[in-house]
2 protein chains.
Amino acid sequence: MIERDTSNASEGADTVSGRTREALRAAHLYYMQDLTMDAIAHELHTSRSSVSRLLSHARASGLVEISIHSPLDLPSRIEQEILARFEIVAHVVPVPDHATDVDRLDRVALSAARILGRFVDSNQTIGVAWGSTMSAMSRHLVPKSTHNTEIVQLNGAGNGRTTGIVYASELLRRFGDAFGARVQQFPVPAFFDDPATRRAFWKERSTQRLLDLQAGMDVAIFGIGSPFAEVPSHVYQGGYLDRGDYEALSRDGAVGDVATVFYRADGSTDGIALNERATGPDFTVLRRAPRRICVVSGRAKLASLGGALAAGLITDLIVDEGTARALLEP
Amino acid sequence: MIERDTSNASEGADTVSGRTREALRAAHLYYMQDLTMDAIAHELHTSRSSVSRLLSHARASGLVEISIHSPLDLPSRIEQEILARFEIVAHVVPVPDHATDVDRLDRVALSAARILGRFVDSNQTIGVAWGSTMSAMSRHLVPKSTHNTEIVQLNGAGNGRTTGIVYASELLRRFGDAFGARVQQFPVPAFFDDPATRRAFWKERSTQRLLDLQAGMDVAIFGIGSPFAEVPSHVYQGGYLDRGDYEALSRDGAVGDVATVFYRADGSTDGIALNERATGPDFTVLRRAPRRICVVSGRAKLASLGGALAAGLITDLIVDEGTARALLEP
DNA sequence: CCCACCCTTGCACGTTTGTGCACGCGGCTT
DNA sequence: AAGCCGCGTGCACAAACGTGCAAGGGTGGG
C-alpha cells in the first residue's frame, strides 16, 4: 500500500497529491462530519467501495490519527506502578489472559507500531533490532514523514544458512519507508564463528561508520530474546546457535538477550562467552541512546525482561497486560 | 449522554470510573488493536451492542480523539490564500455546492464543534454568542476537561415574547458541561426598547461584573447575522426586530451583526442607531479577546462576513468551502 | 417495606462497511 | 507496434455495525 505511492511517483506528483487530497477530503467528511461512505461517494463522484479504500488509505498512511486520552485522574494503575518501581514509562496493552502467544504478540506489536510515531522525529538516528516482535511491528507502522532521519540496524542477521539480508532488510526497509528515512544495513552474521574475526571486522572503516551511527542513536527499538523459554524467539529457531552455544549460555547464567547481546538476571554481561561473537551493540553503547523502547509480549519473557530492566536498558516499555501484572507480582 | 456521568455520580465514583475505564479499554481494543466489536464484547463479557455504545461514548466524551493532519506540503490552497489575504486562520469545511443551507449549516457546525477543543483551555474566559449556528454547534461539542474556565454570554436573548433564557441558557449550559466550566448568563433582552434603559442597566453592579468578564475574554465564539439575506438568521425570525428597525438598519447601511451589534460593509458601526439598544459587546471590547472564532456557513452571509473581516473581528474562521471560495473571488 | 421510575442490557432488525473478483485503462517492455 | 503487467474501479456478497424495543435490576421516595 505504502509502496504504491512511491511507485506512482512516476506518474507525476499531481496524481499522488490527487489521491492524498481526495483521501483527506473523504476523511474530513467521514470523521468530522459523520457522513456515511455512501454519501461521500456521491460527493466525490466515485463508488462507495473506493471511498472505503480511500479511508483505509487515510488511516494507514497517518493522514488520520486516532489517539486515546485517559483522563488524567485515572491512568492505568499498572502503568503508574511500573513507573514508580522501575522508573520507566510503560504502555500496557490490554490482552485477555487466555490469548495464545501468537495473538498476544500480534496485538502488542500492532499497538506498538501505532504508538511508535510519538517517538520518531526528524533529524534522529533510530536503532532497530530484529526478531519476531520487530517483524510483526514492521508490518503495521503508521507512516510519519520526517527529514534527515536514519534507521540503523543494531545487529547482524546472517547465519549458517542464509545471509539474513532479505529478512532483515525487508524489516528495515519497512521502517525506512514509514518514516521516509535512510536505512543503514549491517550485513554481518548474527554471531561470528570466531571472536577474532569479529574484532578484526570491527576495525574495518565501513564497520566503524556503522558503529559510530549506533553510538549516536537517539532512539533504540528492540524486543527481547528469551533463550530458555518454552517458545523460543526467532534467534533460537533460525539456526543461529548450536547445542554447544546453549550449554555455554546456560552455564554462564544468561536469561535473555537484547539485539543478540546476552545478560544475566542481574543485568550483568561480563564473562558471557557468546557475547564475544555477537554483533549487537555493547550495553554501554546502547544506554547512550536517550530513548530505548522495548516491546515485549508473553509471560515466557518475564525473566528476560527482568534482566533487561536490571541492566537499565529500557526507558519505555510496551508490554501486554498479563506480563505487566506478573512483573509487579513478587 | 454527558449528563449521565454527572447524575451517576450519586452511585459513587467507582461506577463512573468503571464505565470510563471500560470505554477506555474498549477503545484500545478497537482503535489500537483493530478487534471487531464482537471480539471486544467477548473480552469484556458483555454484548456487542454494549460495546458499540461504549465506543460511541468514548468518542462523544473525548476519550478518543480523531484528528486529520494534512501533509505539510499540501495544506488547502483556499486556507493559504485566506491567510495571505486577510491574515486570519481559516478552517475550510468541505461541503458540496448543491447542499441545502440547512445541511451546510449543520455540517459546518459539526466540524466547528469538533475543532473547538483546540481553542479551549483551562483558566480561560470564553465568550459565547447565540444564534442558529451556535445552537447547532452546541449540540455536538466534544467534552474536554478544564479547570477554572468560565463561559460568558455575550449578548442578551430576551424579546417581546420570551425571556430567551431557556433557549440561551440551554445553549450555554452545553458549552459549560462540555468543558466543565462555570456559566455566566446575561439575562437581558437582545435589544432594549429604550437606549436610556440600557445605559442605566449598564451601570448596575451585577451588569458591570459581567461586562468586566467580557472585557477580559481570552476567546470569543460567534456566528454572523445577516439581516438582509434571503434566509434570515435566528435574530430576525424570533421577533426581536420590527419593521421599523429593519428600515433603520437599511438606512444606516448595516450589512450584518456579531452578537447583535451591527456594522457596515467597511466594518464601521458609528451612527447605527440600533446599536444603542443592543446588548452585545462593543467591537473595541470584543477585539480585546486574543482569539476570536467565527463560524459561518452559506453564501448568503458573504457580505456580512466581509464586513466582519473589515472590522477586524475575526482571528479564526470556520467556514464552508463554497463561501470561502466566494470570499476570494472579487 | 413496597412501588415507581430510570438506567442499562441484550436481542433483532436494517443499515453500513470491508473485500474477493473481474474488468479496463494506462505505461513499459520486448 | 503489440503485448504484458500492474493498478485502480465497481459489483456483489458477507461481515460488521447502530439502534428501537422490551425486559431486568437497582435506587430513591413514599
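Our subject is the structure listed above.
From a predicted model like this one, the values you see are computed outputs, not experimental measurements.

I'd like to hear about the protein's contact with DNA strand D, residue by residue, with values.
If you check the shell around DNA strand D, you find 16 residues, and the closest are Ser-47 and Arg-53 of chain A together with Met-37, Arg-48 and Ser-52 of chain B. In DNA strand D, the atoms that sit within 4 Å of the protein are 47% sugar and phosphate, with bases accounting for the remainder. Here a base nitrogen of DNA strand D and a side-chain polar atom of Arg-53 of chain A are 2.8 Å apart. Measuring from a phosphate oxygen of DNA strand D, one finds a backbone N or O atom of Met-37 of chain B at 2.8 Å. Of all the elements in the fold, those that place two or more residues in the surface near DNA strand D are α1 (2–8) and α4 (48–60) of chain A together with α4 (48–60) of chain B. Sort the elements by how many residues they give to the surface near DNA strand D and α4 of chain B lands first, with 5 residues. Tallied by class, residues from the surface near DNA strand D come to 2 nonpolar, 8 polar and 6 charged.

So what about the packing of aromatic side chains? Which residues, and what values?
Residues and elements named next belong to chain A. The final tally for this structure, using the stated rule, is 12 aromatic pairs over all chains. The interplanar angle of 85° and the centroid separation of 5.0 Å between the aromatic rings of Tyr-30 and Tyr-31 together place this pair among those described as edge-to-face. Given a relative accessible area of 27%, Tyr-30 falls into the partly exposed group. The class for Tyr-31 is buried, based on a relative accessible area of 12%. For the ring pair Phe-191 and Phe-262, a centre distance of 6.3 Å and an interplane angle of 25° mean the geometry is stacked. Of this pair, Phe-191 sits in the loop between β5 (182–184) and α9 (195–203) while Phe-262 is found in strand β8 (residues 261–264), placing the two residues 71 residues apart along the sequence.

Describe the protein's contact with DNA strand C, naming the residues involved and giving the relevant values.
Around DNA strand C lies a shell of 16 residues, among which Met-37, Arg-48 and Ser-52 of chain A together with Thr-46 and Arg-53 of chain B are the nearest. Counted by atom, the contact set of DNA strand C within 4 Å of the protein is 47% sugar and phosphate. In the environment of DNA strand C, a phosphate oxygen lies 3.1 Å from a nitrogen or oxygen atom belonging to the side chain of Tyr-30 of chain A. Interatomic distance of 3.0 Å between a side-chain N/O atom of Ser-50 of chain B and a phosphate oxygen of DNA strand C. A total of 5 residues in the surface near DNA strand C trace back to one element, the largest contributor, which is α4 of chain A.

Parameters and conventions
- Residues numbered from 1 in each chain as written.
- Chains lettered and ligands numbered in written order.
- Predicted model: local features only at pLDDT ≥ 70, side-chain atom pairs only at ≥ 80, totals over all residues.
- Heavy atoms only, no water.
- Near = heavy atom within 4 Å.
- Polar contact = N/O pair within 3.5 Å; in protein donor to acceptor, adjacent residues only side chain to side chain.
- Helix = DSSP H or I, 4+ residues; strand = E, 2+ residues; numbered from the N terminus.
- Nonpolar A, V, L, I, M, F, W, Y, C, P; charged D, E, K, R; others polar.
- Phe/Tyr/Trp six-rings, centres within 6.5 Å; stacked < 30°, edge-to-face > 60°.
- Buried < 20%, exposed > 50% of the residue type's maximum accessible area, 1.4 Å probe, protein only.

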